[in-house]
Structure formats: structure tokens, C-alpha cells
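Next come the chains, spelled out residue by residue.
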Amino acid sequence: MASVDIYTRQFCGYCSAAKKLLETKGVAFVEHDATYSPEIRKEMIARANGGSTFPQIFINGTHVGGCDDLHALERAGRLDPLLAA
């Protein structure tokens, strides 16, 4: 199973939707809550090449984008192969 990191903040509907999709697929992920941590937010922006919106998602170290990007991968049938790698 793939290694998944997701940078989130509290009360973020997009973060909740992305986590829900991963959970329905039975994917374990590491959540980095940046709500009260400027250091984690700075780390996220650096890893995401400037991406500053929440969430930012990484699969096997590769930045896949945010919630909309994750759902687009799912609709295109490309998420499962990434998660199986």
C-alpha cells in the first residue's frame, strides 16, 4: 500500500472530503494538521512547490494536489493504481 501524507487544517470541508475518500478506500494516511502550526504550513508549501491551499496531498512522496485533484484522479480511474504502488 502507498504512503500517503495529507496536510490539513481544522474546519476545512475540502480536507474532510479528501480524508473521507481515502478512508472509504481503506487507505492509511499520515495527517499533518497545520491549524496552529506555521512550521507545518511552511513545510507543506515547500513540499507542494508553493501550493498553499488546504489540503495538500502526497502519494509515495509525489505531490498530487488538493481535494479536487484527488477526486479527479478517482473519476479518471487513476487513483487506485497510485495507491496500489
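One can find the structure itself at the top, above this paragraph.
Given the structure is predicted, the values throughout are model-derived calculations rather than measurements.

Student: What am I meant to see in the overall build of the protein here?
Tutor: For the protein, the helix and strand inventory stands at 4 helices and 4 strands. Radius of gyration (C-alpha) of the protein: 12 Å, near the 12 Å computed for a compact globule of 85 residues. Projected onto its principal axes, the C-alpha coordinates of the protein cover approximately 35 × 25 × 20 Å. Counting every position in the protein, which comprises 85 residues, the buried fraction comes to 39%. Long-range contacts, defined here as pairs at least 24 residues apart, represent 58% of the contacts in the protein between residues at least 6 apart. With an accessible surface of roughly 4,900 Å², the protein has 52% of that area assigned to carbon and sulfur atoms. Between the mean site of the 9 positive side-chain charges and the mean site of the 10 negative ones, the protein shows a separation of 4 Å.

Student: How should the side chain of Q56 be read in this particular structure?
Tutor: Tracing the backbone shows Q56 in strand β3 (residues 56-59). Q56 has contacts with D5, I6, Y7, M44, A48, G51, H63 and G65, leaving out every residue within four places of it along the chain.

What counts as what
Residues numbered from 1 in each chain as written. Predicted model: local features only at pLDDT ≥ 70, side-chain atom pairs only at ≥ 80, totals over all residues. Heavy atoms only, no water. Helix = DSSP H or I, 4+ residues; strand = E, 2+ residues; numbered from the N terminus. Rg over C-alpha atoms; globule rule 2.2 N^0.38 Å. Buried < 20%, exposed > 50% of the residue type's maximum accessible area, 1.4 Å probe, protein only. Contact = heavy atoms within 4.5 Å. Areas by Shrake-Rupley, 256 points an atom, 1.4 Å probe, with all protein chains shown as cover. Lys, Arg positive; Asp, Glu negative; His and termini not counted. Charge placed at Lys NZ, Arg CZ, Asp CG, Glu CD.

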